[in-house]
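Examination of the molecular architecture
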Amino acid sequence: MDTFTLMRSFRRIVELGGLGKAADDLNLSAAGLSKQLRTLEAHLGTVLLQRTTRRMSLTATGQAYYERCCQLLDELEQLERSVHEESRQVSGKLRVNAPLSFALSTLAPLFAGFLREHPGVELDLVMEDRLVEAVSQGFDVSIRLAPALPDSSLIARQLATLRQVLCAAPTYLEKHGHPASLAELEGHAQLQYSLSQQAPAGAPQGARVTVNNSLMLRELLIAGSGIGWLPSFLADPALASGRLAQVLPDHPDAPRQVYAVYPTSRHLLPRVRAFVDYLADHLPLAMARDYQP
């Protein structure tokens, strides 16, 4: 039994002064509406309306029930309207997880732009290079860099593509020479990012330095510590400024994809949808603009 439907029907009977008019208003038959009224009275165990062939009037109990019905139904309507309006607003707390290096070097201005466009959003950003379980950790969106993502119950939307670049400082290459092939890398000090899910062909085996943050890896390369693979969002600015030089530029790299990962939901929160759409629209252009020599 749908009590709220019965309450709404009872209210219309009282407001319109009879079953016939209320039935027309509710697009019901008079018999069907009468059955609803009997069901409500049986459920309550009392008579709400005195019915004769000519007129219908509220009992004392019916009058009290009608007044309370109006109050409850009005409150329910206001609540539903409020929830509906909130469901269409881009507002509230948005918990995002992103790799530290990528967030600092590339995502920060995009986050700022999104917040300017949606002042009702509160951003809770956690930056860490290790992969986390987005749902169990309570994140609305997780930004991940990977060649591909395993199948899961999460939605993974591809936002952009980045390259892997083998590079070293010019001072290092002047001192130790330019390797002409992958085989010649064995004679060089090699630096490696330890959290890489899939190493490019020719990536260091038994690297001299292994580090779990690509910003630190870049700084070690600029300082002349050896040769290593960097993601393009860190490599390209350093190459453009001359702080790094590309090694084996004709060797194919292993591109990685930038994904936004978020839980599957029939009713995706507006702030999550707006955030992912914003990154999809702006990230490729931002990367192209920022990393052109």
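Described below are features of the structure shown in this document.

Parameters at a glance
Residues numbered from 1 in each chain as written. Predicted model: local features only at pLDDT ≥ 70, side-chain atom pairs only at ≥ 80, totals over all residues. Heavy atoms only, no water. Helix = DSSP H or I, 4+ residues; strand = E, 2+ residues; numbered from the N terminus. Buried < 20%, exposed > 50% of the residue type's maximum accessible area, 1.4 Å probe, protein only. Contact = heavy atoms within 4.5 Å. Salt bridge = Lys/Arg side-chain N within 4 Å of Asp/Glu carboxyl O. Core = buried A, V, L, I, M, F, W, Y, C linked by side-chain atoms within 4.5 Å. Phe/Tyr/Trp six-rings, centres within 6.5 Å; stacked < 30°, edge-to-face > 60°. Pairing = 2+ DSSP bridges. Right-handed = clockwise from strand over helix to strand, strands pointing away. Axes fitted to C-alpha atoms, helices over the stretch in contact; angles between N-to-C directions.

Relative to the helices and strands, leucine 73 resides in helix H4 (residues 60–87). Leucine 73 sits in the buried class, given a relative accessible area of 6%. Along the backbone, leucine 73 and phenylalanine 4 are 69 residues apart, and their C-alpha atoms lie at a distance of 7.8 Å. Among residues more than four places away in sequence, those in contact with leucine 73 are Phe4, Met7, Arg8 and Arg11.

Here the focus is the pattern of salt bridges. A complete count under the given rule lists eight salt bridges for this structure. Taking the shortest distance from any N to any O, the salt bridge between arginine 157 and aspartate 277 comes out at 2.6 Å. One end of the pair, arginine 157, is in strand S6 (residues 154–162); the other, aspartate 277, is in helix H9 (residues 270–290), and 120 residues separate them in sequence. Overall, the relative accessible area of 30% leaves arginine 157 in the partly exposed class. Arginine 218 is paired through a salt bridge with glutamate 219; the nearest N and O atoms lie 2.9 Å apart.

Our next topic: the nonpolar core. Leu107, Val141, Ile143, Leu159, Val258 and Leu283 are the most contacted members of the largest nonpolar core, which totals 33 residues. Breaking this core down by element, the ones donating at least two residues are strand S3 (92–98), helix H5 (100–117), strand S5 (141–146), S6, helix H8 (232–241), strand S12 (256–263) and H9. The element that contributes the greatest number of residues to this core is H9, accounting for ten residues. One finds Ala189, Leu217, Ala235 and Val247 within the second-largest nonpolar core, a separate group that totals 21 residues.

As a further point, take the packing of aromatic side chains. Enumeration over the complete set of coordinates arrives at six aromatic pairs. Centroid distance phenylalanine 114 to phenylalanine 275: 5.3 Å. Interplanar angle 75 degrees. Geometry classified as edge-to-face. In this pair, phenylalanine 114 is assigned in helix H5 and phenylalanine 275 in helix H9, connecting sequence segments 161 residues apart. Here the aromatic residues Phe111, Phe114, Phe275 and Tyr278 are joined through ring pairs into a cluster of three or more.

Relative to strand S4 (residues 121–127), S3 runs parallel, the two sharing seven bridges. Along S4, the bridge assignment pairs lysine 93 with glutamate 122. In this fold, S3 hands off to H5, which returns the chain to S4; that crossover is right-handed.

On to the sheet that holds S5. One open sheet accounts for five strands, arranged S4-S3-S5-S12-S6; its pairing is mixed. Where the open sheet ends on each side, the last strands, each with one partner, are S4 and S6. Neighbour-to-neighbour, the strand axes of the sheet open up by a mean angle of 20 degrees, direction not taken into account. Against the sheet, H5 engages S3, S4, S5 and S12, with an angle of about 180 degrees to S4.

Attention now goes to the sheet that holds strand S9 (residues 209–211). The five strands are arranged S9-S8-S10-S7-S11 in an open sheet whose pairing can be described as mixed. Edge positions in the sheet fall to S9 and strand S11 (245–246), since each has one partner strand and no second. For strand S8 (residues 190–193) and strand S10 (residues 227–231), the ladder comprises two bridges, and the chain directions are parallel. Bridge pairing links leucine 191 to glycine 228 in S10. Helix-sheet contacts for helix H7 (residues 214–222) involve strand S7 (164–168), S8, S9 and S10, and the interaxial angle to S10 is about 140 degrees. Contacts between H8 and the sheet are confined to S7, S10 and S11, with S10 contributing the most and set at about 115 degrees to the helix.

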